[in-house]
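If you want the building blocks of each chain, they are given just below.
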Amino acid sequence: MSVWNYAVTAQKPTCVTHSCVGNFTSPQELNLIVAKSTRIEIHLLSPQGLQTILDVPLYGRIATLELFRPHGEAQDFLFVATERYKFCVLQWDYESSELITRAMGDVSDRIGRPTDNGQIGIIDPDCRLIGLHLYDGLFKVIPFDNKGQLKEAFNIRLEELQVLDIKFLYGCTKPTIAVLYQDNKDARHVKTYEVSLKDKDFVEGPWSQNNLDNGADLLIPVPSPLCGVLIIGEETIVYCSANAFKAIPIRPSITKAYGRVDLDGSRYLLGDHSGLIHLLVITHEKEKVTGLKIELLGETSIASSISYLDNAVVFVGSSYGDSQLIKLNLQPDATGSYVEILEKYVNLGPIVDFCVVDLERQGQGQVVTCSGAYKDGSLRIVRNGIGINEQASVELQGIKGMWSLKSSIDEAFDTFLVVSFISETRILAMNIEDELEETEIEGFLSQVQTLFCHDAVYNQLVQVTSNSVRLVSSTTRELRNKWDAPAGFAVNVATANASQVLLATGGGHLVYLEIGDGTLTEVKHVLLEYEVSCLDINPIGDNPNYSQLAAVGMWTDISVRIFVLPDLTLITKEQLGGEIIPRSVLLCAFEGISYLLCALGDGHLLNFQLDTSSGKLRDRKKVSLGTQPITLRTFSSKSATHVFAASDRPAVIYSNNKKLLYSNVNLKEVSHMCPFNSAAFPDSLAIAREGELTIGTIDDIQKLHIRTIPIGEHARRICHQEQTRTFAICCLRNQPSAEESEMHFVRLLDAQSFEFLSTYPLDAFEYGCSILSCSFTDDKNVYYCVGTAYVLPEENEPTKGRILVFIVEEGRLQLITEKETKGAVYSLNAFNGKLLAAINQKIQLYKWMLRDDGTRELQSECGHHGHILALYVQTRGDFIVVGDLMKSISLLIYKHEEGAIEERARDYNANWMAAVEILDDDIYLGADNCFNLFTVKKNNDGATDEERARMEVVGEYHIGEFVNRFRHGSLVMRLPDSEIGQIPTVIFGTVSGMIGVIASLPQEQYAFLEKLQTSLRKVIKGVGGLSHEQWRIIQQREKNCGSEELLGWRSD
Amino acid sequence: MWKAIKDRETGRIRSNSFANRFKSRRILSLQLSNRKDFVSPHRGSVNSLQVDLTEGRYLLSGAADGSAAVFDVQRATDYEASGLIAKHKCIFTVDKQHDNGHKFAISSAIWYPIDTGLFITGSYDHYLKVWDTNTAQAVVDFKMPGKVYRTAMSSMAMSHTLIAAGTEDVQVRLCDIASGAFSHTLSGHRDGVMSVEWSTSSEWVLYTGGCDGAIRFWDIRRAGCFRVLDQSQTQLGIRPPILKRTAVSSKFFSAAKSSLGGQNRLKTLQSKHAGSQSVKGSFSAKASTEKSRQKRIHPGMLSTLDRATAHYGVVTGLKATNNGMYLLSAGSDSRIRLWDIETGRNTLVNFETGRIQTNKAIQLDTSDDPALVFVPCMKTVKTFGMWSGRTTLMLRGHYESVNTCCFNSSDQELYTSGADRQILVWSPGGSVEDEMVQDEVAEDKDNWSD
């Protein structure tokens, strides 16, 4: 790998951090606006559900998101502030359907300490000012003038240092805030202040309330006419206003999010830390509050934001599990829950750990992540390309073609599957037991190879063989008509649709037949100068049964021609160039645009836009899909048309935003494919590959495919063992009874089915911290090693832990040996046939020893001190790279002769590390606490010891996400002969669910991308006027690390 | 710890609060380090300590024997006790034997804030010298009118390279490294100036504490001092009182409003004044409002307020907090006071100090997380909660009175020095580390005895 590294996003952030509802895009439309870490999504509420209008990145981590409506405006504006103290006000332009920046600015200060409890951004309900709490002890005010424009900001001193929440109160003549704070003695109080814009200072407010619930950390302002504020604690909920005080006790819970149901503010939804959703009702007589009521509604994902949309439909945004769209029913269901889940939105975050595996062993990397937290924990399998979920398969050698047929043209499902071999044709059908069974269609010839089959109008079937075309009734299955090829002219290629047949015989004869009720008429016959290699008359016009055009691929002159039917007049001839003949042509339409696809014998695919009236071909594009000839076939999935390209690297061609996209299918070598939509296997495909016939359904057509395996527990560490085809995870389960009690397990999972095979419970207070699959010198077994820590409530730092060594026997975890350690085992690595553990401050190397009685044990060999906490360790050869809690990266070396570990070099910056990885012998990659990525380089040719002992920072990049793990690997299929396959890549997973790839590029390629990025930066303006350059800079430095975010996802 | 790491991984706690939490735990466990030693080359009381501001790696010390030394705090020069005790010898010293060396005690040694290429020493021999670190030669010197007590450079200065020097003389002088001449002479103190400190929020604002017990604030772009701190001025009643208003009676409200009338008028005047100055940045605008008010109330600062004192006796130490909002002062009245910089008021936090050295400048330091103050109290170093004033730690280790505290926030280590000529390292302890180390030493010993 080189110093030229380039970061690419493979999966955008998925965890929902904020959401709000309002009339943003137009005064009549209701919008849901969702913030996902660094992205904003704008949805429209439509009768069909949520419809995404816009999904834009913001150059900053979103700290606050608020909708507001200034005086005299018909629709809402969006206020966004980022964690780096930038803010902007966005407006939707209905005409151009884009965001306009109304105002923007910087609200950073030179004084003050950034708040610990997170930034607060609030807007006065009467739209007089914006309030921001960004630094301890300061409240920043941005006033509006009468026209709704922002004026210059000023700070007001806030005496309360530990502010937990601030909200504006409704119905006050002057803007008034309520401040929830904690004092020096850890007691919590609420105080109110009026903001005096004239004096730029606070005036003591109308009321205050001392000594609240110790867990109070959320304020909900209640709108007029009730006014006042709700204070949500862990054990009580209090309603407080100038003249009323009501309280109710609640079951102990930590409320994470709330959503207001009614405009008058009498009902609220509260989501707590365990995913329960409650309805809080303020009972009132006219404007007098008489009490509070709370009711449990049901369970959802653990909410980070709740937005009540309309008609009892609620958006529950989550950063620990999938976000949900729920409906609140009036009546409870059988389980007593009022919550009905309408839709789920996939969330990968937080990705705590992951591993890159190749389960199908075909060079296609898959990422298996430990996603989610607490009860929403899950494993997610993320892979590039489309998967086929196998439903049934039969062993069948030598398939030459496949077609599905219906028993009548109006029927919804396919009944027959015609499979053609070199010298016979077999017909399979579904029987009553939903099994595929061989059957017969009397009118079909079964002793010869079938060239083409199709359903035809008037409940007929058509079969084309090398010397005849047969028309068979699908009801009686008897031959109704046939057309014979002239003697000596065998049919080479043929195609048909419901009412037309086009075939080519030897010698370049092209014959066009039309199908009637029991008739088969030869309409036209032309002689071409060369042999025909492929043809297609797939209808793309208005009539689904009749095509106006025919596409023909030719031998010898290597061209593709378009003929008009029924006269077979040539209107277009396109030379393909090169020496490879077209092997398959296809006319198809995506999103209303007609295309001609033409696949060549060497795995290349040409596509043209086709003008259906003139037959003109435009926009020729060429892509490489594989290395073998491709066969093209259309199929539909989820009511959209796609094209399947069968070859050694099968792919699906689809269209998105009027752009053709190619997605790999996770299968090796497919020779033929046909859609087979039977009653038992709806929406399935029949696929011929490697001597078997498979029937399977296809995943959703998208670039990155995610499969979820919910485990209901919080998985912390994962590791794959190829030899035993298993995964092992460290996970924990919160006991529902007691609040802080957790149970920790090591679980073994099957690598295919992801079923729990075996479980090893850890001791009380024992946490699983690290897991590794490795083998040792002089022992050919493969083991799972698990590092643990005893986390006792009275200890700050664990003083005891264990290393457990397991072997997998018959799908069970067998404990071989254990070794006690003097601290938490934060990391385990295989190291020269030994085990390297990071235990608190120390790096410790263990040997695998055979005892006299034949059992094995771990024996400590040597160690290295001098870290604050050695959290992350990676090894390569004799080198050990340690990511310290707060001391950046250091490089250690193991000296074989002395049997000792010594420090070689370190980075003297004080980076708080989040992950490390070794890129190559000299360059190491790190991610820190401040959402940065950086690379350091070992200085081999320093003149002095001092220089050699210092690692130089060679690249820095602000990724804006908290990285939890780096792993070598790739999500793209590695083709052995392609250039792209040679670029080393590292995948990373983040808290927000973003998955990224870092590629080490040759310098020229990097320079090109950098240039492109700079140019794009000039053209593309960031949302809200935020600067891309400033966003990516770490402390005014940015070197040798670029990103693709401006480019969009490059398709190879 | 493991729980906190888990919460950080899942995004349940913010990464900066994770760091703050961990730092504060380490700071609260500070103890005399048994693994790190500075080998002091000084043969006199060590009067000044500072870690460089750019890398946080080099410690500069100045001592009463006229010597100054630089240590690497990260890399040890050699190890003792089988590699467990790191010895940090100084990288170089400049002392009386040096051609350019000071003749008398060095009272203050500070780094040039932009890089480690220069450092500045001030001495009782009336000289202030600027040294080139790489060649260890004095490059500029300034002759002061008396003994130099304290020097300071602004850590945030972008447009000036001024050294503020407090001396025996009543005037504070600003020495410009760029020109080699005095650029300002600030008059106001009635006695020598023991402590000088630049603002941490504005590069133009300087705080000085004199032997006359006064703390003066200077804006070096304007003539004269703009504020004198008064220990009797407190924050009580600074905000208008609670309005006795209910939703029902609007009469009450108007009454309350009219009672505030006088005050309001006064404030409108000020805000007009603020409006005329086109100062960018909200806080500075606010601060300048305050400044202008001060001037308005006390034209020329020659009235009674000018005689206001911050301490009874000598102001021996000043330290502005990193957030730029508070100033700590130490006095020979054995008091530590915490001042709100914006309003110039005494916050009345009662620090539980014992006795504090009276005849010598002392160096205080602070930490942000948790907000603590490190104060040399005779032979011990005490740490107080910034807001409570309560003693959180008593660090005993020096044999004679302590002069300086210097907190290294990137490593959470405290360096102290005193009249016993030692520089001591206080590092986070109480963790398993020490036990592990001890166990190992024991193990090692066993191995050797075999």
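These numbers were taken from a predicted model, which means no experiment stands behind them.

Draft legend 1. Examining the overall build of chain B more closely. Of regular secondary structure, chain B possesses six helices and 30 strands. In chain B, which comprises 450 residues, the share counted as buried stands at 59%. Just so you have it, chain B exposes about 18,500 Å², and 50% of that area is on carbon and sulfur atoms.

Draft legend 2. Geometry of the overall build of chain A. A tally of regular secondary structure across chain A gives three helices and 85 strands. Relative to the compact-globule value of 31 Å for 1052 residues, chain A shows a C-alpha radius of gyration of 33 Å, a close match. Taking the principal axes of the C-alpha coordinates as reference, chain A spans close to 105 × 85 × 60 Å. A burial count over chain A gives 60% of its 1052 residues as buried. The contacts in chain A between residues at least 6 apart in sequence include a share of 49% that link residues at least 24 apart. As displayed, chain A has an accessible area near 41,400 Å², and 47% of this comes from carbon and sulfur atoms. Taken as two groups, the 97 positive and 135 negative side-chain charges of chain A have centres that lie 4 Å from each other.

Draft legend 3. View of unusual backbone geometry. Residues and elements named next belong to chain A. Backbone torsion omega between S224 and P225 reads 5°, so that peptide bond is classified as cis. Position of P225 relative to the elements: it lies in the loop between β18 (218–221) and β19 (229–232). Omega for the peptide link from L565 to P566 comes to 5°, which places this bond in the cis form. Within the element layout of this structure, P566 appears in the loop between β48 (559–564) and β49 (569–575).

Draft legend 4. Structural view of the interface of chain A and chain B. Opposite the 80 residues of chain A that make contact, chain B presents 69 residues. Here chain A and chain B share an interface that buries about 6,700 Å² over both sides, 51% of which is from carbon and sulfur atoms. One salt bridge connects E946(A) with R75(B), and the closest N-O pair in it is separated by 3.8 Å. There are 21 residue pairs in polar contact (both at pLDDT 80 or more) connecting chain A and chain B. Among the elements of the structure, β12 (138–143), β13 (154–157), β16 (188–196), β17 (201–209), β62 (714–721), β66 (766–774), β74 (870–876) and β78 (913–918) of chain A are those that each provide at least two residues to the side of chain A that touches chain B. The leading source of residues in the side of chain A that touches chain B is β17(A), at five residues. Per-class residue counts for the side of chain A that touches chain B are 36 nonpolar, 19 polar and 25 charged.

Draft legend 5. Quick look at the UniProt feature "repeat: WD" (unreviewed entry) in chain B. Residue and element names in this part refer to chain B. Residues given the UniProt feature "repeat: WD" (unreviewed entry) here are residues 99–141, 186–228, 308–349 and 395–427. Structurally, residues 99–141 comprises 0% helix and 53% strand, and the distance from its first C-alpha atom to its last is 13 Å. Annotated as 0% helix and 61% strand, the span residues 395–427 places its first and last C-alpha atoms 11 Å apart.

Draft legend 6. A look at the confidence of the model for chain B. Residues and elements named next belong to chain B. With 80% of its residues at a pLDDT of at least 70, chain B reaches an overall mean of 81. Here residues 243–300 is modelled with pLDDT under 50, and outside its nearest four sequence neighbours on either side it reaches 51 contacts, counting other chains as well. Every residue in residues 440–450 scores below 50 in pLDDT, and together they form six contacts with partners more than four places removed in sequence or on other chains. Among the scores for the predicted complex, ipTM is 0.82 and pTM is 0.81.

Draft legend 7. Region of interest: the sheet that holds strand β8 (residues 106–111) of chain B. Residue and element names in this part refer to chain B. With antiparallel pairing, four strands are arranged side by side in an open sheet as β8-β9-β10-β11. For this open sheet the edge positions go to β8 and β11 (137–143), each flanked by a neighbour on one side alone. Neighbour-to-neighbour, the strand axes of this sheet turn through a mean angle of 20°, independent of strand direction. As paired strands, strand β9 (residues 118–123) and strand β10 (residues 127–132) are joined by five bridges and run antiparallel to one another. By the bridge assignment, F119 is partnered in β10 with W131.

Draft legend 8. Representation of the pattern of salt bridges in the model. Per the counting criterion, the structure on display carries 63 salt bridges over all chains. In this structure, the salt-bridge partner of R856(A) is D779(A), at a minimum N-O distance of 3.5 Å. Of the two residues, R856(A) sits in strand β73 (residues 856–864) while D779(A) sits in the loop between β66 and β67 (783–790), which places them 77 residues apart along the sequence. Since its relative accessible area comes to 11%, D779(A) is described here as buried. D37(B) is the salt-bridge partner of K87(B), the closest N and O atoms lying 2.9 Å from each other. Of the two residues, K87(B) sits in strand β7 (residues 85–94) while D37(B) sits in strand β2 (residues 36–39), which places them 50 residues apart along the sequence. On the basis of relative accessible area, D37(B) is assigned to the partly exposed category, the value being 31%.

Draft legend 9. Spotlight on the UniProt feature "domain: RSE1/DDB1/CPSF1 first beta-propeller" (unreviewed entry) in chain A. Sites flagged by UniProt as "domain: RSE1/DDB1/CPSF1 first beta-propeller" (unreviewed entry) map to residues 16–335 of chain A. Helix makes up 0% of residues 16–335 of chain A and strand makes up 56%, while its end C-alpha atoms are separated by 28 Å.

Draft legend 10. Structural detail: a negative patch on the surface. A cluster of acidic residues, E433(A), D434(A), E435(A) and E437(A), forms a negative patch at the surface. Structurally, E433(A) can be placed in the loop between β36 (425–430) and β37 (436–439).

Draft legend 11. Expanded view of the packing of aromatic side chains. By the definition in use, this model includes 35 aromatic pairs over all chains. Ring plane angle 85° and centroid distance 6.4 Å describe the contact between W912(A) and F18(B), whose orientation is recorded as edge-to-face. Of this pair, W912(A) sits in the loop between β77 (900–906) and β78 while F18(B) sits in helix α2 (residues 15–28), on two different chains. Both residues of the pair, W912(A) and F18(B), count as buried. Here a set of aromatic residues connected by ring pairs shows up, and it is made of F92(B), W111(B), F119(B) and W131(B). Across from the ring centre of F756(A), 4.7 Å away, lies the NZ or CZ of R747(A), which sits over that ring.

Draft legend 12. Highlighting the state of the cysteines. All names here are of chain B. Following the criterion strictly, the structure yields zero disulfides over all chains and no others. Take C225: it sits in no disulfide, and the sulfur closest to it among the cysteines is that of C211, at 16 Å. Using a relative accessible area of 11% as the deciding quantity, one classes C225 as buried. No disulfide involves C405; its nearest neighbouring cysteine sulfur is the one of C377, lying 8.4 Å away. On the accessibility criterion, C405 (0% relative accessible area) is buried.

Draft legend 13. Inspection of the pairing of strand β53 (residues 617–624) of chain A at higher detail. Residues and elements named next belong to chain A. Relative to β53, strand β52 (residues 604–610) runs antiparallel, the two sharing six bridges. The partner of N607 across the bridge, within β53, is K621. The turn joining β52 and β53, which pair antiparallel and follow one another in sequence, is formed by six residues; a positive phi near 75° is taken by G615.

Draft legend 14. Just the nonpolar core, in detail. Residues F68(A), F79(A), L328(B), I336(B), F351(B) and V375(B) are the most contacted members of the largest nonpolar core, which totals 36 residues. Listing elements by their share of this core, those giving two or more residues are β7 (77–82), β8 (86–93), β11 (129–133) and β12 of chain A together with β21 (326–331), β22 (336–340) and β25 (372–377) of chain B. Here F68(A) is in contact with D76(A), F77(A), L78(A), F79(A), V89(A), I123(A), C127(A) and F144(A), once residues within four sequence places are set aside. Grouped together as the second largest cluster of nonpolar side chains are 35 residues, C769(A), Y872(A), I893(A) and I5(B) included.

Draft legend 15. Quick look at helix α1 (residues 2–9) of chain B. Residues and elements named next belong to chain B. Counting buried residues in α1 gives seven out of eight residues, a clear majority hidden from the surface. Residues of α1 that are buried: W2, A4, I5, K6, D7, R8 and E9. Of the residues flanking the end of α1, it is G11, one or two places downstream, whose phi is positive at about 80°.

Draft legend 16. The arrangement of helix α2 (residues 1003–1019) of chain A in detail. Residue and element names in this part refer to chain A. Taking 1.5 Å as the rise per residue, α2 with 17 residues should run 24 Å; its terminal C-alpha atoms sit 24 Å apart, in good agreement. If you check which residues of α2 are buried, you get Y1006, L1009, Q1013 and R1017. End-on view of α2: buried residues confined to an arc of 80°, all on one side of the axis. Residues of α2 that are exposed and point more than 90 degrees away from the buried face comprise E1004, F1008, K1011, K1018 and V1019.

The rules behind these values
- Residues numbered from 1 in each chain as written.
- Chains lettered and ligands numbered in written order.
- Predicted model: local features only at pLDDT ≥ 70, side-chain atom pairs only at ≥ 80, totals over all residues.
- Heavy atoms only, no water.
- Helix = DSSP H or I, 4+ residues; strand = E, 2+ residues; numbered from the N terminus.
- Buried < 20%, exposed > 50% of the residue type's maximum accessible area, 1.4 Å probe, protein only.
- Areas by Shrake-Rupley, 256 points an atom, 1.4 Å probe, with all protein chains shown as cover.
- Rg over C-alpha atoms; globule rule 2.2 N^0.38 Å.
- Contact = heavy atoms within 4.5 Å.
- Lys, Arg positive; Asp, Glu negative; His and termini not counted.
- Charge placed at Lys NZ, Arg CZ, Asp CG, Glu CD.
- Buried area = accessible area lost by both parts, 1.4 Å probe.
- Salt bridge = Lys/Arg side-chain N within 4 Å of Asp/Glu carboxyl O.
- Polar contact = N/O pair within 3.5 Å; in protein donor to acceptor, adjacent residues only side chain to side chain.
- Nonpolar A, V, L, I, M, F, W, Y, C, P; charged D, E, K, R; others polar.
- UniProt positions renumbered as here; feature names shortened; annotations may be inferred.
- pLDDT = per-residue confidence, 0-100.
- Pairing = 2+ DSSP bridges.
- Axes fitted to C-alpha atoms, helices over the stretch in contact; angles between N-to-C directions.
- Patch = residues over 30% accessible without salt bridge, like charges linked within 9 Å, V, L, I, M, F, W, Y side chains within 5 Å.
- Phe/Tyr/Trp six-rings, centres within 6.5 Å; stacked < 30°, edge-to-face > 60°.
- Lys NZ or Arg CZ within 6 Å of the ring centre and 35° of its normal.
- Disulfide = S-S within 2.5 Å.
- Core = buried A, V, L, I, M, F, W, Y, C linked by side-chain atoms within 4.5 Å.
- Expected span 1.5 Å × (residues − 1).
- Arc of directions from axis to C-beta.

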